[in-house]
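A closer look at the structure
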Amino acid sequence: MSYDYSRLTHPSIQTLTPYVPGKSITSLQRELGLQRVIKLASNENPLGASAQALEAARNALTESYLYPESSGHELTQALSQFVNVTPSQITLGNGSDSIFSLIAQAYANPGDDIIMFQYGFAMYAIIAHTVQANPLMIPMTNWQYDVAALLDKITERTKIIFIANPNNPTGSWLKDDELEYLLANIPETVLCVLDEAYYEFMDDVAYPNSLQALQRYPNLIITRTFSKAYGLAGLRVGYSISHPDIAATLNRARLPFAVNSIGLAAAQAALADQAHLKQTLKITAQGLKQLTAALDQLNLKYIPIAGNFVTIEIGDNALKVYETLLQQGIIIRPLTNYDLPHMLRVSVGLPEQNTAFINALTSIINQ
Ligand SMILES: *Cc1c(COP(=O)(O)O)cnc(C)c1O
């Protein structure tokens, strides 16, 4: 009999429900022996990374026997110019997920409350558990953020608020006046993390200029990522923009080499290639039109769109539909882990990938 090591595990880790990622192309190929697989499951860029970013990544490979520069100096400089803040306000991380984790480690004590919305991005609750804080969920109505309900839940125990703007998977987002109202009414001792993983896709005039808000509310932390619109999900590069004191704290708490040298080089080149970003936004807008037109035809409802994905109300057979699509080599995302078992989320793909998804879904629905 060997020792049961799970007994050594911290109870908050023992009981947490791990993150459920989108199924990978290689795992579906392995399981079903399929050649051609289309993945529309993780809101990745269907165009892939910018050619310039790939070239920078290849060039960086030759130096990969060397440790990266710990501070990520060049990328930090480039980002600070791009968003027009000082370099001392930027913190780099291995994806924005690692920055959420860093914020919780640096600021939350066991027993503190970390506030988030119901159906909010799944990592927030997981991270709260890892630091033995309580994830407090604010209910959503009609997929909308209820700022008043959130403010009601703030107590002396509240340490951090996580809000995805817009949210994955529900596309919920705070308009500028709602963000302003929220920030004006939370104590300055409560940190508000605004996760802008999809901000590049937002063209609504009411979408808040969070960088301006940061000048007035130093308890605001904005996070952004190279994983979605910039097409570098596999390289894991994210960053936050905050008050310099907060950035200094996060940099103190982080691991020494937050981003690998290939990620640093690729992200810097990706940032410089705004033409690729523009092309991405164009193909995303077209793809969303293509997908929603087809869903309208099929009489399927979907949550109002913000970002590069569509969350569809399928019904009781949603999981069955998901499985049948898998059999045909199309991976989308079930939302059971979000307590939305009747819904499926599909990421925008290339026109022909969208067509393949639509055709497969149509034949499944009409069966
Ligand atoms: C994808 C996603 C992230 C994670 O981004 P990484 O930078 O790849 O860690 C964060 N927030 C939301 C809402 C996302 O959908």
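In this text, all values refer to a predicted model and were calculated from it rather than measured experimentally.

What to know about the pairing of strand S6 (residues 191-195)
Of all five residues in S6, five are buried, a share of seventy percent or more. Along S6, one buried face is formed by Leu191, Val193 and Asp195 and the opposite face, lined by Cys192 and Leu194, is buried too. Pairing of strand S5 (residues 158-164) with S6 involves five bridges; the strand directions are parallel. Considered in S6, the bridge of Ile163 is made with Leu194. Pairing of S6 with strand S7 (residues 220-225) involves four bridges; the strand directions are parallel.

Overview of the site of the ligand
By nearness alone, 14 residues border the ligand, and Ser96, Asp195, Thr225, Ser227 and Lys228 come closest of all. With respect to the ligand, the side chain of Asn168 contributes an N or O atom lying 2.7 Å from an oxygen atom. A distance of 3.1 Å separates an oxygen atom of the ligand from a polar atom in the side chain of Lys228. Protein coverage of the free-state accessible area of the ligand, which is 390 Å², stands at 94%. Mapping the ligand onto the cavity grids shows that it belongs to the second largest pocket. Per-element accounting of the shell around the ligand gives the leading share, three residues, to helix H5 (residues 96-107).

Points about the sheet that holds S7
In space, the seven strands of this open sheet follow the order S2-S8-S7-S6-S5-S3-S4, with mixed pairing throughout. Each of the sheet's edge strands pairs with one partner strand only, and the pair in question is strand S2 (90-93) and strand S4 (134-138). In this sheet, adjacent strand axes meet at a mean angle of 20 degrees when their direction is disregarded. The pairing of strand S3 (residues 113-117) with S5 spans three bridges and is parallel. Each residue of the ladder has a partner; that of Asp113, found in S5, is Thr158. Each of S2, S3, S5, S6, S7 and strand S8 (238-241) touches H5; the most contacted strand, S7, lies at about 155 degrees to it.

Observations regarding the environment of Ser240
Following the sequence through the fold, Ser240 ends up in strand S8. In this structure Ser240 comes out as buried when scored by relative accessible area, which is 0%. For the pair Ser240 and Ile90, spaced 150 residues apart in sequence, the C-alpha to C-alpha distance is 5.6 Å. For Ser240, the contacting residues outside a window of four places in its chain are Gln89, Ile90, Thr91, Ile99, Ile221, Ile222, Thr223 and Leu250.

The rules behind each value
Residues numbered from 1 in each chain as written. Predicted model: local features only at pLDDT ≥ 70, side-chain atom pairs only at ≥ 80, totals over all residues. Heavy atoms only, no water. Buried < 20%, exposed > 50% of the residue type's maximum accessible area, 1.4 Å probe, protein only. Helix = DSSP H or I, 4+ residues; strand = E, 2+ residues; numbered from the N terminus. Pairing = 2+ DSSP bridges. Near = heavy atom within 4 Å. Polar contact = N/O pair within 3.5 Å; in protein donor to acceptor, adjacent residues only side chain to side chain. Areas by Shrake-Rupley, 256 points an atom, 1.4 Å probe, with all protein chains shown as cover. 1 Å grid on protein atoms, 1.4 Å probe; cavity = no way out; pocket = protein on both sides within 12 Å on 5 of 7 lines; lining within 4 Å. Sits in = over half its atoms within 2 Å of the grid points. Axes fitted to C-alpha atoms, helices over the stretch in contact; angles between N-to-C directions. Contact = heavy atoms within 4.5 Å.

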